[in-house]
Every structure is written in C-alpha cells, then in structure tokens.
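What the coordinates show
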Amino acid sequence: MSNPATPPRSLAEALRARDDASLAVLLRARPDLITPVPTDLTQLATRAGTRASVLRALERLDRFALQTAEALAVAGDPASYQELLGLMAGDGGDPSVAAALPRAVTVLRDQALVWGDDDRLRLVRTAREVLAPSPQYPSPTGLGPTVREATSGMSPGRIQEIVTAAGLPSTHDSVSAADALGKLFGHRKKMAKLLAAAPAESREVLSRLVWGPPYGQVTPEPAAHLRWLLDRGLLLPTAPGTVVLPREVALHLREGRAHREPEPVPPAVEPTATHRPQVVDTTAAGQAYTALATVEELLKDWDEGGPTVLRAGGLSVRDLKRTAVALDLPEPIAAFWVELAYAAGLLASDGDADERYAATPAYDEWVDRPPAERWSQLAQAWLTATRASGLVGGRDAKDRALSALGPGLDRSAAPEVRHRVLTLLAGLPEGTAPTAASVLARLRWERPLRGPQQQGDDLRGRLARWTLSEAELLGVTGRGALSAQGRALLGAPPVEPLAEPLGEKEQEAAGPGDKLPVHHHRPAAVLEPLSPPEQAVAAAAAARLLAPLLPEPLDHVLLQADLTAVAPGPLRRPLADALGVLADVESKGGATVYRFTPASVRRALDAGRTATDLHAFLTTHSRTPVPQPLAYLIDDVARKHGHLRVGAASAYVRCDDDTVLNEIMADKRAAALRLRRLAPTVLATQADPATLLEGLRAMGYAPAAESAEGDVLITRAHAHRTPPRTAPEPVPDGPPPPDGTLLAAAIRAIRAGDLAATTPRKATGTAVQGGELPRTTAAETLATMQAAVLTGGTLWIGYVNAEGTASQRVIAPIRVEGGFVTAYDHTADEVRTYPLHRVTGVAELAEE
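Residues numbered from 1 in each chain as written. Predicted model: local features only at pLDDT ≥ 70, side-chain atom pairs only at ≥ 80, totals over all residues. Heavy atoms only, no water.

1. Let's talk about the overall build of the protein
Rule in force here: Secondary structure counts use DSSP, requiring at least four H or I residues in a row for a helix and at least two E residues in a row for a strand, with both numbered from the N terminus. Only protein chains enter the accessibility calculation, which uses a 1.4 Å probe; a residue is then buried when its area is under 20% of its type maximum, exposed when over 50%, and partly exposed in between. Contacts are residue-level and defined by heavy atoms, with any inter-residue pair within 4.5 Å sufficient. Accessibility throughout is a Shrake-Rupley quantity obtained with a 1.4 Å probe, and a residue counts as covered only by protein chains that appear here.
Per the secondary structure count, the protein includes 34 helices and 25 strands. Counting over 848 residues, the protein shows a buried share of 45%. Nonlocal contacts in the protein, meaning residues at least 24 apart in sequence, comprise 66% of its contacts between residues at least 6 apart. Element-wise, carbon and sulfur atoms account for 55% of the exposed surface of the protein, whose accessible area totals about 42,100 Å².

2. Quick look at empty space enclosed by the protein
Condition: Lining residues are those with an atom within 4 Å of a point, where the points come from a 1 Å grid over the protein atoms alone and group into cavities, where a 1.4 Å probe fits but cannot get out, or pockets, open sets with protein on both sides within 12 Å along at least five of seven lines. Grid points are joined across faces, edges and corners, and a volume is the space filled by probe spheres set on the points.
Going through the model one piece at a time under the given rule, you end up with four cavities of 30 Å³ or more. Put simply, the largest cavity is a space of about 100 Å³. Every residue lining the largest cavity is listed: F336, E339, L340, A343, A381, W382, A385, R387, S389, R418 and E470. Put simply, the parts of the chain that give the lining of the largest cavity at least two residues each are α18 (331–343) and α20 (371–384). Taken as a whole, the second largest cavity spans an internal volume of roughly 60 Å³. Residue lining of the second largest cavity: L440, L443, R444, R447, L449, D458, R460 and G461, and that is the complete set.

3. Observations regarding the nonpolar core
Heads up, the condition is: The definition of a nonpolar core used throughout is a set of buried Ala, Val, Leu, Ile, Met, Phe, Trp, Tyr and Cys residues joined through side-chain atoms within 4.5 Å.
The biggest cluster of nonpolar side chains holds 90 residues, and the ones touching the most others in it are L15, F185, L234 and L235. Looking at this core element by element, the count peaks at eight residues for helix α5 (residues 63–74). Among the nonpolar cores identified, the runner-up in size contains 69 residues, and W375, L383, A413 and L482 belong to it.

4. Concerning the packing of aromatic side chains
The condition that has to hold: Only Phe, Tyr and Trp rings take part, Trp by its six-membered ring, and two of them pair if their centres are within 6.5 Å. Stacked means planes under 30 degrees apart, edge-to-face means over 60, and tilted covers everything else.
Summed over all chains, the structure comprises three aromatic pairs. When the ring of Y799 is compared with that of Y834, the centres are 4.8 Å apart and the planes differ by 65°; the resulting orientation is edge-to-face. You can see Y799 sitting in strand β21 (residues 795–800) and its partner Y834 sitting in strand β24 (residues 830–835), a full 35 residues away along the chain. An identical accessibility class is assigned to Y799 and Y834; each is buried.

5. Some thoughts on the pattern of salt bridges
The criterion, for reference: Salt bridge, as used here, is a side-chain nitrogen of Lys or Arg placed within 4 Å of a carboxyl oxygen of Asp or Glu.
Taken as a whole, this structure holds 35 salt bridges when the rule is applied. Of the charged contacts, one joins R208 and E204 as a salt bridge, the two residues approaching to 3.7 Å between their closest N and O atoms. Within this pair, R208 and its partner E204 are both found in helix α13 (residues 200–209), separated by four residues, close to a single helical turn. With a relative accessible area of 56%, R208 lands in the exposed category. Note that K640 and D636 form a salt bridge whose closest N and O atoms lie 4.0 Å from each other. On the criterion of helical spacing, the pair formed by K640 and D636 is a turn pair, its members being four residues apart in helix α30 (residues 628–640). Owing to a relative accessible area of 28%, D636 belongs among the partly exposed residues under this scheme. Overlapping salt bridges bring together R158, E161, R227 and D231 as one network.

6. A word on the sheet that holds strand β14 (residues 584–587)
How we decide: DSSP calls a pair of strands paired once it identifies at least 2 bridges connecting them. Whenever a helix is involved, its axis is fitted only over the stretch in contact; in every case the axis is a line through C-alpha atoms, and angles between N-to-C directions fall within 0 to 180 degrees.
Read across the sheet, four strands follow the order β12-β13-β15-β14 without closing on themselves; strand pairing throughout is antiparallel. Both outer strands of the open sheet, β12 (558–560) and β14, are each paired with one neighbouring strand and no more. Averaged over all neighbouring strand pairs, the angle between strand axes comes to 30°, with direction disregarded. Sheet topology places β14 next to strand β15 (residues 592–595); three bridges connect them, and they run antiparallel. Residue pairing in the sheet places S587 in a bridge with V593 of β15.

7. As for unusual backbone geometry
Residue P36 is bonded to the preceding T35 through a cis peptide linkage, with omega at 0°. You can see P36 is positioned in the loop between α2 (20–29) and α3 (41–48). The omega angle of the peptide bond from D77 to P78 is 5°, so this bond is cis rather than trans. Here A112, not a glycine, exhibits a phi torsion of approximately 60°, which is positive. Examined against the element boundaries, A112 turns out to sit in the loop between α7 (95–110) and β1 (114–115). For A112, a relative accessible area of 0% puts it in the buried group. One non-glycine residue, L405, adopts positive backbone phi at about 65°. Mapped onto the fold, L405 is located in the loop between α20 and α21 (414–426).

8. Some details on the sheet that holds strand β4 (residues 236–239)
Spatially, three strands are ordered β3-β5-β4 in an open sheet, and the strand pairing comes out antiparallel. Unpaired on one side and paired on the other, β3 (215–217) and β4 mark the two borders of the sheet. Adjacent strand axes in the sheet meet at a mean angle of 40°, parallel and antiparallel pairs treated alike. Pairing between β4 and strand β5 (residues 242–244): three bridges, direction antiparallel. From the neighbouring strand, A239 faces β5, where its bridge partner is T242.

9. Considerations on the pairing of strand β22 (residues 806–817)
Each regular strand carries side chains that alternate between the two faces of the sheet. Pairing analysis gives six bridges linking β21 to β22, with the strands arranged antiparallel. Bridged to W796 within β22 is V810. Hairpin connection between β21 and β22: a loop of five residues separates the two successive antiparallel strands, and G804 in this loop has a positive phi of roughly 90°. Sheet topology note: the β22/strand β23 (residues 820–825) ladder contains six bridges and is antiparallel. Counted as the bridge partner of P813 is A823 from β23. Linking two consecutive strands that pair antiparallel, namely β22 and β23, is a turn of two residues; a positive phi of about 60° is found at G818 within it.

These results come straight from atomic positions and should not be treated as a statement about function.
Here it is in structure tokens:
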C-alpha cells in the first residue's frame, strides 16, 4: 500500500488514496468506467486513461474546466498550481479566474483527468495528447510547440547561430542551447528588451500569429523583417516554407495567458419579458388543451388504419403533407405531433403484410383518462424521448432523407438538453421568459464544442431551439416562461413568495418603470434528471396543477338555422363521439363548428341510428330549439335511406319500386357500374358491394347494404388497432449513471480486488509474477486452508468459475469439508462456498 504522505507516482496510486465518496463522484461522472466493473484500481486507472473514455469526459466539461485542461496541456509536466494560475490569469492576474480556478481543478481531479498534488499537477497522458498542440491538430489555445520541440530536428550549428544572434553565449550541445533560448523567451524583462530592438514590421508579424494559428508561410528568400525574426529564433522553421511562433514567445506577447478570453463565470440567462405567473399558467393550460385535441384528432383520422409504412420505415413525404393538411398545421409541427404520439406509445405500425400506422390499445386507455393526466403522459414522454422531430426533412450521414417515424431520428443528447433548458427557465423568476440567444450561450458554456464541431453542426444548439418551441406547443411553457405544471414536471419545488405582494396604494405609488412582481426570485437548486419512480410522482404533481386550469367539458351545443352546431367549449366524450358521426367538423378553435350534411346524416343512419333517435339526441343536447331545416334534412335522408338495397351477387340492387331502377339504368353516370336487370326489381353487377354503394351514393341515392338473409347491415366506425405495442425505448448516450446501490457494490468489489492484487504475500516455493494466479498443489491448498481456519488467517487464492473465468480473491476460511471451503470473501463482501478443485492455488498474506 502507498504511504499517504508520499506523492502518488501514477493515477492508480492517486485513486488508491481516495476515499469511497471520492470514488463515487468519479464513477457517477464517468459511468463508462464501471461497465463492466473493474477488477481493481489499477484496471480502473487504465480504463480512465483510454482515448474513448477521456474524449467522453472532455466533452462533458464546462468551458472553464476545459480551458483549464487545455492550459495544463501546454504547461510543464508536472505543473504547479501557481504555474497553472499564471497561464489562466496572466501576469496581471484576474480575480474572477483566481476565484474559479480551484473549482475547475477539483472537477478535473474528481473525474480523474488530473492527478497529483498542487505542486505536481499532471494531466492524464491521453488528455495531454488530445489537447496538446501539434501540426495536424492545433491547440485550442492557439499556442504552438515549445522551443525544444520546434528545434528537435534542427542542425546543431543552426541552433548555435540562433543562440548567438539572440545575445546568448554558445553552448556545447543542442539541448542546452534550446533550453537557454526558451528561458530567454520566458524571461519578461530580457524578452521585452529583445523585442524593443525589433523592426516595427517584425512586431506586426508576431502580432498576427500571437493568438493563433501560430504557423505562417515564408518564401525561400524572406524579407528583412522576417529574417530578423528567424535569425533570433522568434520564428522557427518546421517544414520548407513554413515557420511557427514558439510557445514561449507567444506567452510573453500574451502577457502569460494561455487563452485570449478565459470564461470563469457562465453567461447569465437574460430575460426578454416578464408576465404575471397566472397569465403564464393559463396560457400554458390553453396550449395543453390544444395539444390533447391535436393528438386525438390525429389518431381519430388514422382510426381505420393510417398511412402505409415505407419499406425503409417511416411516413412518406406525401402522407406527412396529407396529415398536415388534415390537422391544418405546417408540416414540421405535424411531424412533431406524430412523433410525440409515437414516443408516448399511442401510435405504432400494425405489423401486417400491408403494414400501416394505427393507434395502439394504449390509446383507448389514454383517451379514457382525465385530460390533465393525459397531458402529463404526453409531456413526460416528450421530456425523456431521444427522438428529435426537428430532424424530419433533413439528410443523414449517407445523404438519405429523414422521415417522420423513420429510423435515424434518435439523438441521445435530446433528453439532457430538454431537461437543461427547462432547468434554466426554472432558475428565472416566475413568469420570466428568457432570450433564446442567452439560453444557447449558456448551453455552449456548459458543453462547449470541440475540434471539428466548432465549425460544424451545433446539434445541442438546434435541440435547444426546438425545445423552446416544442415546450410552448405542448403547454410546458406559456408566453416563453416556465409554467407551474412545467416546473412540477421537472421535480422542482414551487416558488414561494419571499415578500408580500405590493398593495394597491403601493402599486399606484410605484413608477411606470418599477417592477411589480407578485413573487420575488428565489435561486433554483440544480435539478438532476429524475429516476422513473420520481418521474411518475412529478407527472402526477403536474397533472394536479394543470387540472383546475383546463376547461370543463360541456354536455350541450348550440344548433343554428344554417345547418351548423356550435360547441362553445370541449364536449364530453360520448357527446363528442356521437356528434362526430352525425356532423362534420367545419372549423376549430375556442369554439368548434359542426356542419350537418346529407352524407353525415346518412353516416349516422348507417351506424344504426333512426330518425327518431337523431331528433331526440339533438333535442336533448341543444340549448337552442332544433331548426326546421335540420329536422327536414334528417327526415328527408331517413325517408330515402334503405329504399335501395345492395347485396352480394358479385353485387346486386333491389328495390320494390321499379321506376327507381329504371332511373338508375337510364343515368349515364351508372355506365361505369355495368348494371344489368335480372328482374323488374333487381339489378346486378360484377362490381363488389362497396363499389356499388359508393357509386349509387355519388349519384345522389341513399342505398343500404343488406346481409345474405336480407337484413340491413349496420356499419359502425371500425377502430383499427395495432397489437399491443410498448413505447420506443430512448437510445442512451453511453451507460446510464449508476444508482447508489450499484455504486456501493462496484466500489466494494474494486476495493476487494485491489486488496487481492496489492497485499503482500508470504514467500512460497513458486514465484508468482504480477497479475498471475497463485499455483499450489491440491495437498498444499487443502493444508493451507485448514491452517487458516484454525488461526483465523486471510488467504489470497486464484479461482476459476464454471464459465472458465479466472479471478483473484481474498478470503477468510471458516470451514473446510466435503471438498468445499466456506469463507468470507472480501471481494464480494459476503460468505461464499467454493469447490476446492476450482482453486488454482493459495498464498498467505503477509502481516502488516
């Protein structure tokens, strides 16, 4: 075991010196390190230094922590805290940088990207390789190589010439010459004196390279001001025609700063407007009601089977356009509602040969729930979904079109970005809407773009913009501010007033520019994503807050003389369903307008309703008398309904009045049906009954279908449903953060494995190399086990399980009998029984 007073010599030793709480912080921040659980701390350190894991950790640093790591990559190895502070704050010092730097170093240490004491800070090797400057990958700091690195391939004679021109004495070797030149460039007074003698054109060249990129081009015969710089090593050649500004020179010109603009403090989220919280909540509730109505209308439109599924999956462009027209919405917003219904498990493909999209059985359960609960289910599905509807219409990496409900729309960062955007809104005073630009700036500070992404696609920025617009559509926000139900959805506590509201007289006394908030701002705590049980509790709380704000369903409509009915608000479900069969929706909004037509009345009659039923229904549910034109329309359609009967011949028409059949035969529009008379009251055709019904109805008749027994067939709306389907699982961005139980078990196993790997063993006849299992004969193993039972000793064993996996374990034998040893296993932290024939060998642990 390492001595705590001795500085660690490796990352493994630094991890070994940590307590369990510190290891838990590391594993929670980098869950990929315990997938699977390492056998010991050495393996944990090795895994923490792999390129994939380091890149993942760097991508999750905030801007200032990343700037700190970038500064360490261009500092000495190891570097002191004071050297790092100088690189971050510059020669003049920056109080805000000095105040924020300890937190940044702590973050890097906690995530095992930096190890060592303050006087010997070391960036892990892989991180240094990623962040250090090179000709292929310039440093984000804009700094170039050191003098020693830039002169590594230079001839000794040329180096001595540069040293002499810089005013330094010549040395015996190139290494010492490069070191002397680097010390000169790093000495502030001597360097200032050297540059004071430089021509103005030379200083202009340095100013263009100082903040990067540090490379420039020169001709074979450079101008005099460039030759002055080259002669003194202020520019050093790296390739034919290419020169570089040495790091030490750039740092002098930058006054010691590694970054032009250190950003120790995150940018504030700026407000753009402030509304009364009640206005925000009611506006959001109105949007929530519209969201429910839109999803219901979408799935009702697909009730008998929606669009077909493309061979590659998803909706065709034509079907999305049709859906947008049916919902009276732009295509991107229609795609959002389609994707939301899919994410909530209300919509799926039916899996038939002619595969179509349709509602799932879960939809029938959803529509029967109270409106507030239906909304919370939609909002929770949106918050946790990894599918991003904003990508619909774009192209993937292979230049294939991305379609709604199709593959390629999952973005693992979507839930985290949505949660973070809403959390930023929750940190503002109640009723305050932020500017989109300030939200995006804050997110870029928290997760800055690295490498090629700086010039490429900002996915997180696009996800944030989509989040702001989608939250407004869904009713999570109102007028751009987070609503009370949206706050509850995050699991945030409600904002409580810190002071009493101003009275009427105080408000009158206040000036027009004075703010008069009902609630004062209380800084919001950091909101972590919720676990599934916590999400259920938060969704229920959000539903309780929303329920009083939604309009109560009505049980009546207002009939008008122009064959329309006005629903002044949402209707109760039985009334809405019945009216949807009897009439067609003409317009939607705060009030819904239904129009009665011969076709809609016939649809109700086909569903088994009689004229008497329809008159009674309208009289019961109308607050106004039934208009005479509507009563005449119902009676007229009912009188003609069923006068003609259509059955299967392929199809036939029969009517007791042969004059009606004569009219049909004489009508030119019936030519396509190819009717022929079988009897004075019967016509037959090769068309199927459905085609014949549609054709006669298009001619203005009201035929009724009949069964083989001659009974009228009642046609009710057929609800096509998919087999039971579960909602799509979000695509995680790497392993999920471990819970407390998994963390405790993983740390316990790593500690026990490390004990087995590092505890000294007593000398045996067979030497054991590091990492190898102990090897002893069966007789030696049995004897050592029995002796340990008597003495209460602890043993180190090698063990091979039934699957053939070998491991090292530290055990305290309790009982040896029947070919098995029962012992307390320090690795598993429990009592276990092992077959002796699977023990490869045993060694006693040395006494401390």
